[in-house]
Amino acid sequence: MFEMKMSNSETVELFAERFGCKPEWLVQAPGRINLIGEHIDYLNGLVMPAAIDRYVRMAVRENGTERITVWSDGKSGSFGWQDLKPFKGADYWMNYIGGVVEMYRREGIEVRGFDAVITADLPVGAGLSSSAALETATAFAVETVAGVKVDPTRRAELCRAAEHEFAGVPCGIMDQIAVGFGQKDHALMVDCSDASISPVKIPAGISLLVSDTRVSHALGDGEYRKRSESCDEALLILEKPGWREVSREDLSKKESELGSSLFRRARHVISELNRVPAMKDALVKGDLESVSEIMKSGHESLRDDYEVSCRELDLLVKAAYEFGFENGRVGSRMTGGGFGGSTVTLVREDSAEALKAHLESRFRAEFGSEPNCFITPIADGASVNSIH
Ligand code: GLA
């Protein structure tokens, strides 16, 4: 989808090559991991993502026309904003751009034409929010060219609306908030009922290791939507206004009425809602054993109750726990939508390389292929800079 492994300056150079002049602005929007609170953002739950030091970059120049022209990884597209409709087939990737433009237009913002080159060193389709990064980069480009600034929470909502209506994924707000509000060295505890954010500092000496299985997930493939529909169905049976009002006792009382599948979906939601504040406490206290336990039970719940994991993710998590707490591993779990994608692992800094090598070798032995494992700082959210 993108020209891979590009830095800021390379993205600027690529723009000059494609369009024959220098860009005016360079936008960068990071990917994200999620430490805990999975598949509950669309249920007004609590989540704890963090932005990572891998980006979608967009070099931009106003073109004085009524069209937006984008070039990315050998593909290009051009569209005006009269009568914008979702893109299909090979142009599907353009939904993340066109959808955002349409939402800004509906917001009453006077969109102006621009040319853009998009690159990324953020793996695509790896559960690390490349879609939200591209949406947010587009939002910054639209705002900068139009000379307006939208409230950042509203910006996240407009990006999510683009994902719903154009990309066809009924996602929550977590990714767009993480990409927009990321804070260096902090995870963000987000209450998705009102998008309020409490930053949580990651204890000193702890590194973040991301392991991409390279099993490409496709959130649009229907399973994501099915999970969210099952939760709506379960909530009706539970006769509660929202998930935050459901207790474990309420759930047990309705076990037979729910049936095995809905019961387990609901059990994931309720247990995961409890894990997020517990994780915050554990991180604040520096209680790493609890962090380890919380991430482990979060993964098991996604694997067994919510059924969104896969063999490759399970193996990586199992291998991380084999490595041992006493050897520096803190916690590990799948991150993002699942059905492929990545795991996130917290590990003591001086053990990070050894754990990475262990995961790579266990994965290779089991599946005969290479995962993409990388250690990354926790980064700030999206930004735009003028090019001089
Ligand atoms: C995807 C969605 C998010 C969230 C996660 C699962 O990343 O875009 O809104 O639901 O899956 O936690």
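Because the structure is predicted, anything quoted here is derived from the model rather than measured. (Residues numbered from 1 in each chain as written. Predicted model: local features only at pLDDT ≥ 70, side-chain atom pairs only at ≥ 80, totals over all residues. Heavy atoms only, no water.)

1. Section: the overall build of the chain
Of the regular secondary structure elements, the chain holds 11 helices and 14 strands. What you see for the chain is a C-alpha radius of gyration of 21 Å, in line with the 21 Å of a compact globule of 388 residues. With respect to the three principal axes, the spread of C-alpha positions in the chain is 60 × 50 × 40 Å. Scored against the burial criterion, the 388 residues of the chain give a buried share of 59%. A separation threshold of at least 6 residues defines the contact pool for the chain, and within that pool the share at least 24 residues apart is 73%. (Helix = DSSP H or I, 4+ residues; strand = E, 2+ residues; numbered from the N terminus. Rg over C-alpha atoms; globule rule 2.2 N^0.38 Å. Buried < 20%, exposed > 50% of the residue type's maximum accessible area, 1.4 Å probe, protein only. Contact = heavy atoms within 4.5 Å.)

2. Observations concerning the site of the ligand
Not every one of the 13 residues close to the ligand is listed here, only the nearest: Glu38, His39, Asp41, Asp175 and Tyr224. At a separation of 2.5 Å, an oxygen atom of the ligand approaches a polar side-chain atom of Asp41. The backbone of Gly337 places a nitrogen or oxygen atom 3.4 Å from an oxygen atom of the ligand. When isolated, the ligand has an accessible area of 300 Å², and the protein chains bury 98% of it. Counted by class, the shell around the ligand contains 5 nonpolar, 4 polar and 4 charged residues. Summarising the domain contributions, the shell around the ligand has at least three residues from each of domain 1 (8-200 + 379-386) and domain 2 (202-376). (Near = heavy atom within 4 Å. Polar contact = N/O pair within 3.5 Å; in protein donor to acceptor, adjacent residues only side chain to side chain. Areas by Shrake-Rupley, 256 points an atom, 1.4 Å probe, with all protein chains shown as cover. Nonpolar A, V, L, I, M, F, W, Y, C, P; charged D, E, K, R; others polar. Domains from an automatic or database assignment.)

3. Observations regarding the packing of helix α8 (residues 255-285) against helix α9 (residues 288-305)
Contact geometry of α8 with α9 gives a least axis separation of 10 Å together with a crossing angle of 165 degrees. With respect to α9, the element α8 is oriented roughly antiparallel. Classified by chirality, the crossing of α9 by α8 is left-handed. In this structure, α8 contributes Arg264, Arg265, Arg267, His268, Ser271, Glu272, Arg275, Ala278, Met279, Ala282 and Leu283 to the contact, and α9 contributes Ser290, Val291, Ile294, Met295, Ser297, Gly298, Ser301, Leu302, Asp304 and Asp305. (Axes fitted to C-alpha atoms, helices over the stretch in contact; angles between N-to-C directions. Parallel < 35°, antiparallel > 145°, perpendicular 65-115°, else oblique. Left-handed = near helix turned anticlockwise from the far one by under 90°.)

4. Considerations on the pairing of strand β6 (residues 75-80)
Pairing between strand β5 (residues 67-72) and β6: 6 bridges, direction antiparallel. Looking at β6, one finds that Ile68 is bridged to Phe79. The antiparallel pairing of β5 with β6 creates a hairpin that spans 2 residues between the two strands, and Asp73 there sits at a positive phi of about 50 degrees. (Pairing = 2+ DSSP bridges.)

5. Notes on the domain arrangement of the chain
As far as domains go, the chain holds domain 1 (8-200 + 379-386) and domain 2 (202-376). Relative to domain 2, the C-alpha centre of domain 1 lies at a distance of 25 Å. If you sort the residues of domain 1 by the area they bury against domain 2, Leu35, Ile36 and His39 come out on top, with a joint share of 21%. For the pair domain 1 and domain 2, the number of links is 2 salt bridges. Among the salt bridges present, the one from Arg244 reaches Asp191, with a minimum N-O distance of 3.0 Å. (Buried area = accessible area lost by both parts, 1.4 Å probe. Salt bridge = Lys/Arg side-chain N within 4 Å of Asp/Glu carboxyl O.)

6. Structural notes on the sheet that holds strand β13 (residues 372-376)
Spatially, the 4 strands line up as an open sheet ordered β11-β12-β10-β13, and their pairing is antiparallel. In the strand order of this sheet, the two ends are held by β11 (329-335) and β13, each with one partner. In this sheet, neighbouring strand axes are inclined to one another by 20 degrees on average, regardless of whether the strands run parallel or antiparallel. The sheet contact formed by strand β10 (residues 206-212) and β13 spans 5 bridges and is antiparallel. Its bridge partner lying in β13, Leu208 is registered against Thr376.

7. Quick notes on the nonpolar core
Residues Leu35, Met48 and Trp243 are the most contacted members of the largest nonpolar core, which totals 111 residues. Per-element accounting of this core gives the leading share, 11 residues, to α8. For this core, the two domains that each supply at least three residues are domain 1 (8-200 + 379-386) and domain 2 (202-376). Excluding anything up to four places from it in sequence, Trp243 contacts Leu43, Cys231, Ala234, Leu235, Leu238, Ala266, Val269, Ile270 and Leu273. (Core = buried A, V, L, I, M, F, W, Y, C linked by side-chain atoms within 4.5 Å.)

8. Points about the sheet that holds strand β3 (residues 46-47)
The strand order across the open sheet built from 3 strands is β3-β8-β9, with neighbouring strands paired in antiparallel fashion. In the strand order of this sheet, the two ends are held by β3 and β9 (196-201), each with one partner. Where strand β8 (residues 186-191) lies against β9, 6 bridges are found, and the strand directions are antiparallel. Paired with Ala187 across the bridge in β9 is Val200. The sheet contacts of helix α5 (residues 174-181) involve β3, β8 and β9, and relative to β8 the element is tilted by about 140 degrees. Running over the sheet, α8 touches β3, β8 and β9 and is turned about 40 degrees from β9.

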